Each structure stands twice: as C-alpha cells, then as structure tokens.
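Structural features, examined
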Amino acid sequence: MTAIEVKDLHQRYGRKPALDGVDLTVEDGEIVGLLGRNGAGKSTTVGVIAGLLRPDRGTVRVCGLDPVADRRRVRRLLGVQPQDAALHPSLTVRELVRLHRGFHTGGGADPDELIELLGLTAVRDTRFESLSGGEAQRTSIAVALVGRPRVALLDELTTGLDPQARRHLRQVITDRRADGMTVLLVSHAMEEVERLCDRVVLLDTGRVLATGTPAALVARTGRATLDEAFLALTGGAR
Ligand SMILES: Nc1ncnc2c1ncn2[C@@H]1O[C@H](COP(=O)(O)OP(=O)(O)OP(=O)(O)O)[C@@H](O)[C@H]1O
C-alpha cells in the first residue's frame with residue numbers, strides 16, 4: 001500500500017512557481033526524507049499533502065484519499081508537525097496536546113504519557129509562549145504524534161534540540177515506525193537523515209533532482225557522506 005502518492009504536482013504563489021512537476025511516493029511503513037536547499041519547495045509539498053494548499057495541477061493521495069476532497073478522513077490519518085505560529089501561545093503544553101488528541105477519533109496516545117516520553121513533564125503546565133525553543137519544538141512533535149497517526153509529516157524534526165533530545169526523538173520515531181507509522185521528514189540535518197531515512201527525495205527549484213537510499217546517493221556522487229553528496233548534487237556552496 002502506498003501511504004503518500006504525489007504526481008506531477010505544480011504550485012505557484014502568484015506568478016512565481018514553487019513546484020514544477022513533483023512526483024514522489026512513500027510506501028507504508030517507510031521513513032522518507034524530503035531534502036533540498038532553502039526555497040526548494042519542501043514546505044509547499046508538505047502543505048499540499050496536508051491539504052492546507054490546493055494544488056494548481058497534479059494529484060495527491062494519502063492512503064488513497066484526496067487531502068482536499070476527503071479532508072476530514074485525511075486529517076484523522078495524518079499527524080502534521082505544525083509551525084510554531086500555528087500553536088496557541090496562551091495554552092499550556094498539556095492543553096495543546098489534549099486539544100490535538102481531541103481532533104483524532106479513537107486510538108490516540110495518552111497525552112500525559114506522550115508528554116513524559118518527550119521530556120516535557122516539568123513544563124506541562126507552562127504556556128506555549130513561555131517555553132524554550134527546544135521545549136516548543138518537542139511540544140509541536142507531541143501535537144503531531146498524539147493522534148497515533150498512520151502517516152506523520154515532520155518538518156525539521158530536531159532543529160534546535162540538544163544532542164540527548166535528538167537521540168531520544170530518533171528512537172521515538174523509530175519505535176513508532178515499528179508500530180506501523182509512515183513518515184515524511186523534511187530535514188537539513190543530513191546525519192539524521194542518514195540514520196533515520198530508508199529513502200530520500202531531493203528537491204531543487206521545485207523539481208525532484210534525485211531520489212534513492214542515502215547510501216545510493218552517496219555512492220552515485222562518489223562522496224563520503226550524505227552531506228557532501230547533497231552539496232555535490234545541489235551545486236555546492238553556490
Ligand atoms: N506564502 C508564500 N507566498 C509567496 N511565495 C512563497 C510562499 N511560500 C513559499 N513561497 C516561495 O515558494 C518557494 C518554495 O518555498 P518553500 O517554503 O516550499 O521552500 P522550502 O524548501 O520549504 O524552504 P526552507 O528550507 O527555506 O524551509 C520559495 O521560493 C518561496 O519563496
């Protein structure tokens with residue numbers, strides 16, 4: 001079963017093209033990294049998959065459903081890591097996690113257990129606006145995972161987290177995948193992508209430049225690491 005299927009996706013902002021014919025698939029149970037330089041079109045792709053943007057052209061399916069036409073059903077399947085601005089600043093961590101648990105019917109995680117798992121127990125009654133950057137980041141991940149989604153869209157999973165939190169979070173994601181969760185992970189952290197992702201899709205100016213396992217991309221470019229392969233494929237230090 002294909003969890004995410006994107007075909008010939010085109011998206012413009014005004015006259016400016018952001019996506020210019022993107023094709024990608026994520027199979028059930030895969031962790032796929034969506035990579036690319038700033039402005040390559042990663043967040044736009046995630047926005048279309050999440051049903052937040054209606055594509056100008058092309059098709060998107062999440063577990064066979066159209067995110068715009070079947071919005072409600074897709075919402076129940078998807079866990080989306082929201083941008084900070086999307087979380088209410090005066091709600092506490094616990095209120096936010098509970099609120100988002102309520103958006104999913106049945107089968108969700110226990111909010112307090114998830115808060116504990118993400119190391120947020122000490123700040124669970126703190127308002128979102130008063131959290132540190134790393135605490136806010138972990139709260140956004142709790143919000144994405146609390147519905148025990150079948151498919152998670154995670155944008156910059158561990159940006160700003162300390163090494164302990166990063167390692168812990170990788171384990172949380174790996175455990176959830178073992179339970180059947182599929183992940184599309186937007187990341188600039190190549191080491192993390194190498195550790196976590198089965199495959200990567202590399203975007204460049206709204207097109208898919210390369211796709212394959214991290215090891216295949218490294219081998220294809222003759223470089224030693226994914227970081228170096230990324231630079232080689234996207235034009236180095238332009
Ligand atoms: N709301 C918007 N209005 C106009 N242009 C936009 C808007 N959002 C994105 N863009 C443009 O679309 C292109 C793709 O942006 P997008 O945010 O998808 O890139 P990204 O790969 O996620 O970048 P980053 O790594 O910086 O987060 C960029 O050129 C960006 O300037």
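Residues numbered from 1 in each chain as written. Predicted model: local features only at pLDDT ≥ 70, side-chain atom pairs only at ≥ 80, totals over all residues.

Stated precisely, the cut-off is as follows: UniProt positions are given in the numbering used here, feature names are shortened, and annotations may be inferred rather than shown by experiment.
Under an unreviewed UniProt entry, the name given to the protein chain is ABC-2 type transport system ATP-binding protein, and the organism recorded is Catenuloplanes niger. Quoted straight from UniProt, the Subcellular location (unreviewed entry) entry for the protein chain says "Cell membrane".

Describing the overall build of the protein chain
Note the following rule: Comment: elements are numbered from the N terminus, with helices defined as DSSP H or I runs of at least four residues and strands as E runs of at least two. It is over C-alpha atoms that the radius of gyration is taken, and the globule rule equals 2.2 Å times the number of residues to the power 0.38. Three exposure classes are used, all based on how many other C-beta atoms lie within 10 Å of a residue's own C-beta (placed from the backbone): buried at 20 or more, exposed at 12 or fewer, and partly exposed between those limits. C-beta atoms are placed from the backbone for every residue, and two residues are taken to be in contact when these atoms lie within 7 Å.
Summing up its helical and strand segments, the protein chain has nine helices and nine strands in all. Its C-alpha atoms give the protein chain a radius of gyration of 17 Å, within 12% of the compact-globule value 18 Å for 238 residues. Across its three principal directions, the C-alpha atoms of the protein chain cover 50 × 40 × 35 Å. Taken across its 238 residues, the protein chain has 41% of its residues classed as buried. In the protein chain, the proportion of contacts linking residues at least 24 apart, taken out of those at least 6 apart, comes to 65%.

Regarding unusual backbone geometry
Although it is not a glycine, Arg148 adopts a positive phi angle of roughly 45 degrees. Position of Arg148 relative to the elements: it lies in the loop between helix 5 (133–145) and strand 6 (151–155). Unusually for a residue other than glycine, Glu156 sits at a positive phi of about 60 degrees. In this structure Glu156 comes out as partly exposed when scored by C-beta crowding, with 18 C-beta atoms within 10 Å.

Describing the site of the ligand
Selection rule: We call a residue near a molecule or strand when the C-beta position, derived from backbone atoms, sits within 6 Å of it. Ten residue types, Ala, Val, Leu, Ile, Met, Phe, Trp, Tyr, Cys and Pro, are classed as nonpolar, four, Asp, Glu, Lys and Arg, as charged, and the remainder, Gly among them, as polar.
Around the ligand lies a shell formed by Tyr13, Lys16, Ala18, Gly36, Asn38, Gly39, Ala40, Gly41, Lys42, Ser43 and Thr44. Only strand 2 (16–27) and helix 1 (42–49) provide two or more residues apiece to the shell around the ligand. Looking at the shell around the ligand, the element that brings in the most residues is helix 1, giving three residues. Of the residues assigned to the shell around the ligand, the class counts are three nonpolar, six polar and two charged.

Points about the sheet that holds strand 2
Put simply, the test is: Strand pairing is defined by DSSP finding a minimum of two bridges between the two strands. Convention adopted: a line fitted to C-alpha atoms gives each axis, helices being fitted over their contacting stretch, and angles between N-to-C directions are expressed from 0 to 180 degrees.
Spatial strand order, 2-1-4: three strands in an open sheet with antiparallel pairing. Edge positions in the sheet fall to strand 2 and strand 4 (57–62), since each has one partner strand and no second. Neighbour-to-neighbour, the strand axes of this sheet turn through a mean angle of 15 degrees, independent of strand direction. In the sheet, strand 1 (residues 2–13) pairs with strand 4 via five bridges, with the strands oriented antiparallel. Residue pairing across strands places His10 opposite Arg57, the latter belonging to strand 4.

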